[in-house]
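Structural characterization, general
Residues per chain are reported as follows:
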Amino acid sequence: MKRTLTTLFVPPFAACRFGCAGCCAAPIAVFWITGIVGIGYGLLGGPANLMGPSWSTVGLGLALWTIASVWAAVTIRGADEDKCARRNSTLCHTILPAGDETDPLDEVRKAR
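Quick caveat, the model's predicted, so the values are computed rather than measured.

1. Focus on the overall build of the protein
Across its full length, the protein carries six helices and zero strands. Counted from the first residue to the last, the protein has its helices and strands arranged as α-α-α-α-α-α. Relative to its full complement of 112 residues, the protein shows a buried share of 29%. Pairs at least 24 residues apart make up 49% of the contacts formed inside the protein by residues separated by at least 6 positions. Accessible area for the protein stands at about 7,800 Å²; split by element, carbon and sulfur atoms hold 67% of it.

Written as structure tokens, this is what we have:
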């Protein structure tokens, strides 16, 4: 329950705390903070400087907050599936080269 509430209300913290991809916390934080600013700005009148709330701006802020929450949930689900701990996962093969793999820069230096 704590994980779900953290994912809904503070997505960057949830991605950093429960996820294995710490690099996702920064872009999630950008969406989340922009969503909060959008909601606040919309409640104050929005870009049209209305006397009441600008519901389209509030809706945009809520959409950005939702995107951040879903992104954090996907990041946490990836950590739950233990994709980062297994050596044979596709992600780790993309990031970590094999032991017998040669350095491409060595190939370029040999060609000179």
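2. Some details on the side chain of Thr57
Here Thr57 shows up in helix α4 (residues 55-80). Setting aside its immediate chain neighbours within four residues, Thr57 contacts Gly38, Tyr41, Gly42, Gly46 and Pro47.

3. A word on the confidence of the model for the protein
For the protein, per-residue confidence averages 81 on the pLDDT scale, and residues scoring 70 or more make up 79% of the total. Mean pLDDT across the elements of the protein bottoms out in helix α5 (residues 90-95) (52) and peaks in helix α3 (residues 25-43) (93).

4. Describing the nonpolar core
Note on soluble globular proteins: their nonpolar side chains tend to be buried together. Counting residues in hydrophobic clusters, the biggest one holds six residues: Ala15, Cys24, Ile28, Trp32, Ala68 and Ala72. Secondary structure elements with two or more residues in this core: α3 and α4. In contact with Ala72, other than residues within four places in its own chain, are Thr7, Pro11, Ala15 and Ile28.

5. Some details on the pattern of salt bridges
Between side chains of opposite charge, pairing is possible as soon as their charged atoms come close. Following the criterion strictly, the structure yields one salt bridge and no others. The shortest N-O distance in the salt bridge between Arg109 and Asp106 comes to 3.1 Å. Taken together, the positions of Arg109 and Asp106, both in helix α6 (residues 104-111) and three residues apart, correspond to about one turn of that helix. A relative accessible area of 35% places Asp106 in the partly exposed class.

Conventions and cut-offs
- Residues numbered from 1 in each chain as written.
- Predicted model: local features only at pLDDT ≥ 70, side-chain atom pairs only at ≥ 80, totals over all residues.
- Heavy atoms only, no water.
- Helix = DSSP H or I, 4+ residues; strand = E, 2+ residues; numbered from the N terminus.
- Buried < 20%, exposed > 50% of the residue type's maximum accessible area, 1.4 Å probe, protein only.
- Contact = heavy atoms within 4.5 Å.
- Areas by Shrake-Rupley, 256 points an atom, 1.4 Å probe, with all protein chains shown as cover.
- pLDDT = per-residue confidence, 0-100.
- Core = buried A, V, L, I, M, F, W, Y, C linked by side-chain atoms within 4.5 Å.
- Salt bridge = Lys/Arg side-chain N within 4 Å of Asp/Glu carboxyl O.

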